[in-house]
Amino acid sequence: MRGHAHLVAGYVPGHSPVHRLPLWLKAVLLLAVAVLCLASPAVSVAAGAAVTTAVLLVVVAGHALAGLPRGRLWRAVRLMLVFLVLIAAYQWWQNGAVVAWQVVAAIVATVLASNILTATTPVDELLDGLAAVVRPLERLGADPERFSLTVALMLRSIPFVIGAFSDVRDAARARGLERNLLARSLPVVIATVGYARATGEALSARGLGDPDPAEGWHHPASTQ
Amino acid sequence: MNNPARHSIVLSSAGVSIPPDGAGGDGPKTILKPLDLELAQRRIAVIGANGSGKSTLLRLLNGLVLPSTGTVRVNGLDTAMEGAAVRRTVGFVFTDPLSQLVMPTPVEDVELSLRRLKLPKRERRQRALDQLAGYGLAHLAANSIYELSGGERQLVALAAVLAVEPAILVLDEPSTLLDLRNTRMLRGLLAGLPQQVIMSTHDLELAASCERVLVVDDGGIAFDGPPGHAVDRYRALVA
């Protein structure tokens, strides 16, 4: 797979003030961004647009403060550009320009804020944080380690799927099939399913997801 | 390390077959014929043509594949009944390290292996960094795994598996995706490991460095013995 795919959603090592913030505070700030963007239009259309614009500016400033490359910011927006244009056009048509701006700015602000969180937090720290959040549910049968591992795998899979899209698009171009939807989509599905199987096998081989020896639980494969 | 002087994997009539697809009247398809083997040497190679059953044989050894008939026991542990304990004993390295490395960076992937030891976070990170340093990979610890060369990725995969100190190491064609330089480096590394090593390979030079070589053909063992004779037999088979 092509190597550039990791640039999306990956951790960027650094020592910026944002990197040094504890995970819980970054999570609270991310939640605040989402709540402000979603709740402010309830006050009025103008207030919603003003608050969301301010939040977006703060998030962009946070991106710069974290020392993240500008290219990464643009890439995050570019990935959703088609959807943003479609949403903006629909909202403009239905509710006017101000609402269209508020909706698009809210989406961009929230995505960029989550991008800052993943870019400034090592995956291992995210795993610990997620496990800590789920730990109170352990009495109800939840497995915090398995939950956090699942989320980590999801994050790891996004770059793979994007990379698969790029590779398949190039392969289709090379064969003169760039307009063939089947040639551009089916191999991505096959590659993704293959990747999921290989990842599952790799996790199983490393004993990840196996129970603690003391718990006496058997791997599903062992009961077949 | 959980590394007693001698380890033993015993296959007793262990065979693998897959059920018929239901479309025709054919019976189960045999992938591996029932085998009786004791694998106790420190270095064992498995050679054979593509599709001969090498990978299935190796996957039996840590419970990734369960036998359809017979049993596989690793130091007395039944892979079908005590799978988790078997996987703690047998580390497995895949041909393509990219499918094995599930975390974005080498240090995080090694830490993922160490999570099951329930170490404090700081100690886990330090052990992961030490493990990478032991393989000359300290400078790559925070790089994306996509930025590493094939040889570096294979080394990281090996370091991640060995971080939890398995007693036995199984490798499925570890040098297939490597260039000559990295293959030589891998050979030297494997030679120095204290673990029992069982690997499938197309690298006959690597196979020749082992004490015992199994030649797999059409789901069965065509030859089992010293490397010189095994390589001759394999060459005769594919001629």
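Residues numbered from 1 in each chain as written. Chains lettered and ligands numbered in written order. Predicted model: local features only at pLDDT ≥ 70, side-chain atom pairs only at ≥ 80, totals over all residues.

Per an unreviewed UniProt entry, the recorded name for chain A is Energy-coupling factor transporter transmembrane protein EcfT, and the organism is Arthrobacter wenxiniae. Annotation of chain A in UniProt includes, under Subcellular location (unreviewed entry), the sentence "Membrane". (UniProt positions renumbered as here; feature names shortened; annotations may be inferred.)

Student: Quick rundown of the overall build of chain A? Include the residues and the values.
Tutor: Regarding its fold elements, chain A presents nine helices and zero strands. Helices and strands appear in chain A in the N-to-C order α-α-α-α-α-α-α-α-α. Per-residue burial over chain A gives 26% buried out of 224 residues. Long-range contacts, defined here as pairs at least 24 residues apart, represent 69% of the contacts in chain A between residues at least 6 apart. (Helix = DSSP H or I, 4+ residues; strand = E, 2+ residues; numbered from the N terminus. Buried ≥ 20, exposed ≤ 12 C-beta atoms within 10 Å, placed from the backbone. Contact = placed C-beta atoms within 7 Å.)

Student: Tell me about the UniProt feature "transmembrane region" (unreviewed entry) in chain A, and please be specific about residues and values.
Tutor: Residue and element names in this part refer to chain A. The feature "transmembrane region" (unreviewed entry), as annotated in UniProt, sits at residues 23-43, 49-69, 76-93 and 99-117 in this numbering. In this annotation, residues 23-43 is assigned 81% helix and 0% strand; the end-to-end C-alpha distance for the span is 31 Å. Secondary structure over residues 76-93 splits into 94% helix and 0% strand, and the C-alpha atoms at its two ends are 26 Å apart.

Student: Let's hear about the packing of helix α4 (residues 70-79) of chain A against helix α6 (residues 97-120) of chain A: which residues, and what values?
Tutor: All names here are of chain A. α6 packs onto α4 with a crossing angle of 130° between their chain directions and a minimal axis gap of 10 Å. Compared by their axis directions, α4 and α6 come out oblique. As α4 packs across α6, the resulting crossing turns out to be right-handed. Only Val 108, Val 111, Leu 112, Asn 115 and Ala 119 of α6 make contact with α4, whose side of the interface consists of Arg 72, Leu 73, Ala 76 and Val 77. Along the lines of polarity and charge, the residues of the contact of α4 with α6 split into seven nonpolar, one polar and one charged. (Axes fitted to C-alpha atoms, helices over the stretch in contact; angles between N-to-C directions. Parallel < 35°, antiparallel > 145°, perpendicular 65-115°, else oblique. Left-handed = near helix turned anticlockwise from the far one by under 90°. Nonpolar A, V, L, I, M, F, W, Y, C, P; charged D, E, K, R; others polar.)

Student: Can you tell me about the sheet that holds strand β4 (residues 69-74) of chain B, naming the residues and giving the values?
Tutor: In spatial order, the strands read β2-β1-β4-β5 (chain B); together these four strands make up an open sheet with antiparallel pairing. Edge positions in the sheet fall to β2 (29-39) and β5 (77-78) of chain B, since each has one partner strand and no second. (Pairing = 2+ DSSP bridges.)

Student: Before we move on, can you summarise the packing of helix α4 (residues 106-114) of chain B against helix α6 (residues 150-162) of chain B with the specific residues and values?
Tutor: Residues and elements named next belong to chain B. Here α4 crosses α6 at 25°, and the two axes come no closer than 8 Å. Looking at the two axes, α4 sits roughly parallel to α6. You can see that α4 and α6 cross each other, and the crossing is right-handed. Taken together, the residues of α6 that come into contact with α4 (itself represented by Pro 106, Asp 109, Val 110 and Ser 113) are Val 156, Ala 159, Ala 160 and Val 161. In the contact of α4 with α6, the residues fall into six nonpolar, one polar and one charged.

Student: Help me get a handle on the interface of chain A and chain B, residues and values and all.
Tutor: Taken together, the contact pairs 32 residues of chain A with 32 residues of chain B. Tallying contributions element by element places helix α9 (residues 181-205) of chain A first for the side of chain A that touches chain B, with seven residues.

Student: So, the confidence of the model for chain A: which residues are in play, and what are the values?
Tutor: When pLDDT drops low, the exact placement of atoms in the prediction is not to be read closely. Residue and element names in this part refer to chain A. The predicted model of chain A averages 82 in pLDDT, with 88% of residues at 70 or higher. Counted against residues more than four places away or in other chains, residues 3-7, with its pLDDT under 50, gives 14 contacts. In the predicted structure, residues 214-224 sits below a pLDDT of 50 and forms 17 contacts with residues beyond four places in sequence or in another chain. (pLDDT = per-residue confidence, 0-100.)

Student: Quick rundown of the domain arrangement of chain A? Include the residues and the values.
Tutor: Domain parsing of chain A yields domain 1 (1-121) and domain 2 (123-211). Averaged C-alpha coordinates put domain 1 of chain A and domain 2 of chain A at centres separated by 23 Å. (Domains from an automatic or database assignment.)

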